[in-house]
Amino acid sequence: MNPSIHIPFTDLTAHHAPIRRELMEAIGGVIDSGAFSGGPFVEAFEKDFSSYCRTRFCVGVGSGTDALWLSLAALEIGPGDEVITVPATFVATVEAIIRTGARPVFVDIDPLTYTMNPEKLEEAISSRTKAIIPVHLYGRMADMRSVVKVAESYGIAVVEDAAQAHGASRHGRRAGSFGVTGCFSFYPGKNLGAFGEAGAVVTDDKVIADRLRSLREHGQHARNDHRVIGWNCRMDGIQAAVLRLKLGELDANNKRRAAHAVHYTRLLTGIPGLVPPAPDDANAHISHLYVIQVPERERFVARMLDRGIECSIHYPVPVHLQEAYSYLGHRTGDFPISESCAAHVVSLPMHANLTPVQIEEVAAAAAEAIGAVIAA
Ligand SMILES: *Cc1c(COP(=O)(O)O)cnc(C)c1O
């Protein structure tokens, strides 16, 4: 490893340093009040996050996985139903479908945007299809106008997996506000990250919002009056207080990520063998991850690490080829775009606090590494 350079994949310490005192005060406020589970801090965050997403309601939950599962449960999706999503996602999207008892049906992605290909959507729809879950992968918004248009023509609900897209917007509307519900994760590494686990659902539909509030709290209608079977999916007060404070920094941090992405792409365009991400409207891609494609990925990543640069891979195995989902009967070749992307994608270091010098170092190392693996 080159001792003079160490560029971590992400840097949460640098991210929190400028607001550390405010964060400690916010946590102190929760400790002093004792409102640790649900309660006023969660309500205050919900109010701020729904207005940020420009939706009527927000329901704070325990994780992004909860947000997806409870959305489907609130739509009364269950055994015998089908839910369409993409294989190029984190497994949680598919897990949530299976938890309801429904069957996941996959559509392949668009090779330029890494998101659901709306042209493949219609052939996946059957009389059992109850919902479609597009995923805003890497922070880039899926083609929501097209997805919603197809869904509406069949009367099928759209649930957005916006776990990687806090604050992205297209056609003047935020990620999460196109579907019946929008699902967010506040896992620490996301663009808006908690100090542990948390998630949220946003919606304009009052009936759905009420169902979500009941489902996250053991199906409770009122105290000791349980009318449906729910689960414990509450958000913590401490997470809500931290998130409410950090929400104030989100747009500025997303802007910095977008500038870093532009800088990377300028330096990485035209390097033989290396495919930078397709450019997008700065608002429609919040650069949660900066993902390139390379041949000989394992050797490329090892060479980068030799130069002190940590890369990551999101995700090396598409969900339909994961062992847990083999019962669905899919084989290699079923979703060729997702499979080819999974084989070649590499995520370069990306976080708001990267410096221009670090970006230049990463780009120079990437150019050198790709030259070496191609020549070998
Ligand atoms: C992070 C993530 C989830 C799951 O969120 P958790 O908060 O970890 O449960 C779901 N879908 C996508 C696309 C994600 O990136």
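Provided above is the structure to which this section pertains.
Okay, so let's go over this structure.

Rules used throughout
Residues numbered from 1 in each chain as written. Predicted model: local features only at pLDDT ≥ 70, side-chain atom pairs only at ≥ 80, totals over all residues. Heavy atoms only, no water. 1 Å grid on protein atoms, 1.4 Å probe; cavity = no way out; pocket = protein on both sides within 12 Å on 5 of 7 lines; lining within 4 Å. Points joined across faces, edges and corners; volume = space filled by probe spheres on them. Helix = DSSP H or I, 4+ residues; strand = E, 2+ residues; numbered from the N terminus. Nonpolar A, V, L, I, M, F, W, Y, C, P; charged D, E, K, R; others polar. Pairing = 2+ DSSP bridges. Axes fitted to C-alpha atoms, helices over the stretch in contact; angles between N-to-C directions. Contact = heavy atoms within 4.5 Å.

1. Focus on empty space enclosed by the protein
Taking a probe equal in size to a water molecule and rolling it over the atoms shows the remaining empty space.
Argument step 1. With the rule as written, the count across this model stands at 4 cavities of 30 Å³ or more.
Argument step 2. There is about 110 Å³ of room inside the largest cavity.
Argument step 3. In terms of lining residues, the largest cavity is bounded by 15 residues, among which Leu12, His15, Lys190, Arg257 and His351 are the most central.
Argument step 4. When residues of the lining of the largest cavity are traced back to their parent elements, those giving at least two are α1 (12-16) and α8 (237-268).
Argument step 5. Considering every element that reaches the lining of the largest cavity, the biggest residue donor is α8, with 3 residues.
Argument step 6. Of the residues in the lining of the largest cavity, the class split is 3 nonpolar, 8 polar and 4 charged.
Argument step 7. Its volume calculated, the second largest cavity comes out at about 80 Å³.

2. Points about the sheet that holds strand β8 (residues 181-185)
Argument step 1. With mixed pairing, 7 strands are arranged side by side in an open sheet as β1-β9-β8-β5-β4-β2-β3. Each end of this open sheet is capped by a strand with a single partner; those strands are β1 (57-61) and β3 (103-106). Neighbouring strand axes in the sheet, compared pairwise and without regard to direction, differ in orientation by 25° on average.
Argument step 2. When strand β4 (residues 129-132) meets strand β5 (residues 157-161), the two strands line up parallel, connected through 2 bridges. Bridge pairing links Ile132 to Val158 in β5.
Argument step 3. Running at roughly 130° to β1, helix α3 (residues 40-53) makes contact with β1, β8 and β9 (199-203) of the sheet.
Argument step 4. Those strands touched by helix α4 (residues 64-74) are β1, β2 (82-85), β4, β5, β8 and β9, and its axis lies near 160° from that of β8.

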